[in-house]
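As a plain string of letters, each chain reads:
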Amino acid sequence: ENTKAWADEAFKLFHKRATESTAKNLVVFSHYPTDYFSSVPEFVAGLSDASKHHILYLGGHRHNVDQSSTTSTHPNNNWLVGGGGGWSCDGDSQGFLVVEIGSNFELTTYPVTVDKNICCQPPGPSPWKGQGCAWLGCDNCIDPKMCECRSLNPDGPCTQCPNSTAK
């Protein structure tokens with residue numbers, strides 16, 4: 001309940017600031033990338049609205065640096081910025097994102113990457129069944145992409161889809 005209330009407040013705050021701000025750019029940070037917000041299409045629509053601002057959205061959670069695994073916010077811009085190894089690597093693009101602000105306030109973004117073998121350990125055997133289910137033990141019970149993994153692993157940390165919750 002608290003998590004939903006916090007999320008609702010965060011969405012309200014985003015919409016309030018997007019409506020009231022006179023800034024040329026808005027930079028929005030979140031733990032989650034845009035593809036996690038399929039149940040909140042009005043949020044993705046707000047991130048895609050370029051009528052008042054250019055909006056740069058930066059989300060993490062998955063361990064990669066890319067724009068190809070996220071839901072588009074065109075004509076605005078968004079990045080997955082969780083690359084750099086650590087617990088796991090979810091793609092070949094490991095590193096960080098540079099955001100430059102020009103003298104005219106234009107935002108320029110580009111990734112700086114390293115060879116993934118430098119920061120990514122080879123995966124160990126997973127106790128979880130299914131392709132892409134290795135991190136199920138850390139499931140946040142939000143990502144709709146994990147529904148198949150939850151179905152294959154009924155002893156995992158979440159209830160079954162739809163509307164999964166922590167057990």
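In this convention, every chain numbers its residues from 1, walking through the sequence in written order. Where local features are concerned, this predicted model is filtered to residues with pLDDT of at least 70; where side-chain atom pairs are given and counted, the filter is 80 or more; whole-chain, interface and lining totals use all residues. To get the side-chain values, take all heavy atoms of the structure and skip hydrogens and water.

Mind showing me how you'd approach unusual backbone geometry here?
For residues besides glycine, phi is generally negative; the peptide bonds are generally trans as well. Here the residue pair histidine 74 and proline 75 is connected by a cis peptide bond, since its omega of 15° sits within 30 degrees of zero. Here proline 75 shows up in the loop between strand 3 (65-66) and strand 4 (77-81). Residues cysteine 161 and proline 162 are joined by a peptide bond in cis, for which omega reads -5°. What counts as a helix is a DSSP run of H or I of at least four residues, what counts as a strand is a run of E of at least two, and both are numbered from the N terminus. Among the secondary structure elements, proline 162 is positioned in the segment after helix 4 (147-152).

What should I look at first to understand the pattern of salt bridges in this one?
Opposite charge on two side chains permits pairing when their charged atoms draw close. Salt bridges are counted wherever a side-chain nitrogen of Lys or Arg sits within 4 Å of a carboxyl oxygen of Asp or Glu. Applying the stated criterion across every chain yields a total of six salt bridges. With its nearest N and O atoms 3.6 Å apart, the salt bridge here joins lysine 12 to glutamate 9. Pair noted here: lysine 12 and glutamate 9 are both in helix 1 (residues 2-20), with a separation of three residues, about one helical turn. Whether a residue is buried, partly exposed or exposed follows from its accessible area with a 1.4 Å probe, protein chains only, as a fraction of its type maximum: under 20%, in between, or over 50%, in that order. Among the residues examined, lysine 12 registers a relative accessible area of 54% and is labelled exposed.

Would you explain the layout of surface pockets in this entry?
Empty pockets left among the atoms are what a rolling probe the size of a water molecule brings to light. Considering only enclosed or pocket space, the largest pocket measures out at about 1200 Å³ in volume. Here the term cavity refers to a set of points on a 1 Å grid, laid over the protein atoms alone, in which a 1.4 Å probe fits but cannot get out; the term pocket refers to an open set having protein on both sides within 12 Å along at least five of seven lines, with lining residues being those that place an atom within 4 Å of a point. What lines the largest pocket is a set of 38 residues, and nearest its centre among them are Ala7, Phe11, Phe37, Val40 and Ile142. Secondary structure elements with two or more residues in the lining of the largest pocket: helix 1, strand 1 (25-30) and helix 4. In terms of residue count, the dominant contributor to the lining of the largest pocket is helix 1 (11 residues). Grid points are joined across faces, edges and corners, and a volume is the space filled by probe spheres set on the points.

Is there a simple way to explain the state of the cysteines in this structure?
Two cysteines, two sulfur atoms, one covalent bond between them: this is a disulfide. When two cysteine sulfur atoms are found within 2.5 Å, that pair is recorded as a disulfide. According to the stated counting rule, one finds three disulfides in the structure shown. A sulfur-sulfur separation of 2.0 Å characterises the disulfide bridge that pairs cysteine 141 with cysteine 158. The disulfide joining cysteine 141 to cysteine 158 has a torsion of about -85° about its S-S bond and is therefore left-handed. You can see cysteine 141 sitting in the loop between helix 3 (116-119) and helix 4 and its partner cysteine 158 sitting in the segment after helix 4, a full 17 residues away along the chain. On the accessibility criterion, cysteine 158 (3% relative accessible area) is buried.

Would you explain helix 2 (residues 41-48) in this entry?
Residues that lie three or four places apart on an α-helix share one face, since the helix turns once every 3.6 residues. Listed as buried for helix 2 are Phe43, Val44, Gly46, Leu47 and Ser48. Residue contacts follow a heavy-atom distance rule, with two residues in contact if any of their heavy atoms lie within 4.5 Å. Lining the buried residues of helix 2 we find helix 1, strand 1 and strand 2 (54-59).

I tried to follow the packing of helix 1 against helix 2 on my own but got confused; where do I start?
In contact at an axis separation of 11 Å, helix 1 and helix 2 are set at 30° when each is read in the N-to-C sense. Taken together, the axes of helix 1 and helix 2 are roughly parallel relative to one another. Taken as a pair, helix 1 and helix 2 cross one another with a handedness that is left-handed. Residues Phe11, Phe14 and His15 of helix 1 form the contact with helix 2, whose participating residues are Glu42, Phe43, Gly46 and Leu47. Residue composition of the contact of helix 1 with helix 2, grouped by class: four nonpolar, two polar and one charged. Note on method: axes are straight lines fitted to C-alpha atoms, helices fitted across the in-contact stretch only, with angles between N-to-C directions ranging 0 to 180 degrees. Roughly parallel refers to an angle under 35 degrees, roughly antiparallel to one over 145, roughly perpendicular to one between 65 and 115, and oblique to any angle outside these ranges. With the far helix as reference, a near helix turned anticlockwise by less than a right angle produces a left-handed crossing, and one turned clockwise produces a right-handed crossing. Each residue gets one of three labels, nonpolar for Ala, Val, Leu, Ile, Met, Phe, Trp, Tyr, Cys and Pro, charged for Asp, Glu, Lys and Arg, and polar for the others, Gly among them.

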